[in-house]
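Commentary on secondary and tertiary structure
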Amino acid sequence: MAAQPHAASEPAIERTFAAVRAALPPVNAAAFDAELIRITHAPVVNLAALDDFLTSWWRIATRAAQNREDWQRMHDEAEQIRSGQRSSGTPLAEILAQREGQI
């Protein structure tokens, strides 16, 4: 029996600018727009950067579409940490030092 690729379980979002933008949660849309404007309004458009942009935002849209509530919760928790309402927890380096580098 062949292993199923992970991509098969991902929501089907066409890898186009319009489809990715439409699939993004509102919390991410402004960042998408701002980055797209920055790339496309350069004197010379870097096509590799544009492709990297689309690929990374497609991955974000796909991940967010898998579980919208979880995606929103992650953003809420990040905002709580950024604003100081919540501790970010113990840094990984400190945990590893306590365990003497053993995981």
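Structure: above.
Here is a short report on the structure shown in this document. These numbers were taken from a predicted model, which means no experiment stands behind them. (Residues numbered from 1 in each chain as written. Predicted model: local features only at pLDDT ≥ 70, side-chain atom pairs only at ≥ 80, totals over all residues. Heavy atoms only, no water.)

**A short note on the pattern of salt bridges**
Which entries qualify depends on this criterion: Here, a salt bridge means any Lys or Arg side-chain nitrogen found within 4 Å of an Asp or Glu carboxyl oxygen. Every helix listed is a DSSP run of H or I at least four residues long, and every strand listed is a run of E at least two residues long, numbered separately from the N terminus. Exposure classes here rest on a 1.4 Å probe applied to the protein chains alone. A residue is buried below 20% of its type maximum, exposed above 50%, and partly exposed in between.
Summed over the entire model, instances satisfying the criterion amount to 5 salt bridges. For the salt bridge of aspartate 51 with arginine 15, the shortest nitrogen-to-oxygen distance reads 2.8 Å. With aspartate 51 in helix α3 (residues 47–66) and arginine 15 in the segment before α1 (17–23), this pair connects stretches of sequence that are 36 residues apart. On the accessibility criterion, aspartate 51 (40% relative accessible area) is partly exposed. Relative accessible area serves as the criterion here: at 35%, arginine 15 is assigned to the partly exposed category. Its salt-bridge partner being arginine 21, residue aspartate 33 comes within 2.7 Å of it at the nearest N-O pair. Here the residue aspartate 33 occupies a position in helix α2 (residues 26–40), and arginine 21 occupies one in helix α1, the gap between them amounting to 12 residues. Residue aspartate 33 is classed as partly exposed on the basis of its relative accessible area of 29%. Residues joined in a network through salt bridges with shared partners are Arg63, Asp70 and Arg73.

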